[in-house]
Amino acid sequence: MSVPGSGIEGFVTRLYKVVLGRTPDATGKADWVKKLTNKSITGGDAATKFLTSSEFTAKKYLDDDFLEILY
């Protein structure tokens, strides 16, 4: 997997690709970037929200797969 950009936009893109397994939609990505840029959430907050989202939890990963995603 190639590593997308750097900075906040790259971080958000990586969350979508690694956690959700997909390319970010423009609206969702812009919202996350805005929240992180204006510091209304932290990177840890964003990661937690991705990992606890219904989109992620619906995938029902096995423990080993979940740990791989965390790393």
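Everything that follows concerns the structure shown earlier in this document.
The notes below deal with the structure included here. (Residues numbered from 1 in each chain as written. Predicted model: local features only at pLDDT ≥ 70, side-chain atom pairs only at ≥ 80, totals over all residues. Heavy atoms only, no water.)

## Observations regarding a negative patch on the surface
The grouping of Asp63, Asp64, Asp65 and Glu68 at the surface amounts to a negative patch. Within the secondary structure, Glu68 sits in helix H5 (residues 63–70). (Patch = residues over 30% accessible without salt bridge, like charges linked within 9 Å, V, L, I, M, F, W, Y side chains within 5 Å. Areas by Shrake-Rupley, 256 points an atom, 1.4 Å probe, with all protein chains shown as cover. Salt bridge = Lys/Arg side-chain N within 4 Å of Asp/Glu carboxyl O. Lys, Arg positive; Asp, Glu negative; His and termini not counted. Charge placed at Lys NZ, Arg CZ, Asp CG, Glu CD. Helix = DSSP H or I, 4+ residues; strand = E, 2+ residues; numbered from the N terminus.)

## Overview of helix H2 (residues 26–37)
The first and last C-alpha atoms of H2 sit 16 Å apart over 12 residues, in line with the 16 Å expected at 1.5 Å per residue. Residues of H2 that are buried: Gly28, Trp32, Val33 and Leu36. Seen from one end, H2 has its buried residues packed into an arc of 130 degrees, which puts them on one side. When the buried face of H2 is taken as reference, the exposed residues oriented beyond 90 degrees from it are Ala26, Thr27 and Lys34. (Expected span 1.5 Å × (residues − 1). Buried < 20%, exposed > 50% of the residue type's maximum accessible area, 1.4 Å probe, protein only. Arc of directions from axis to C-beta.)

## What to know about the pattern of salt bridges
Under the counting rule described, the total for this entry stands at four salt bridges. Between Glu55 and Arg22 there is a salt bridge, with its nearest N and O atoms 2.6 Å apart. Here Arg22 lies in the loop between helix H1 (7–20) and H2 and Glu55 lies in helix H4 (residues 54–57), a separation of 33 residues in the sequence. Overall, the relative accessible area of 32% leaves Glu55 in the partly exposed class. Among the salt bridges present, the one from Asp31 reaches Lys35, with a minimum N-O distance of 3.1 Å. Of this pair, Asp31 and Lys35 both sit in helix H2, four residues apart, roughly one helical turn. On the basis of relative accessibility, which here comes to 28%, the residue Lys35 falls in the partly exposed class. A single salt-bridge network, built from bridges that share partners, covers Arg22, Asp25 and Glu55.

Spatial relationships are all this shows, so hold off on functional conclusions.
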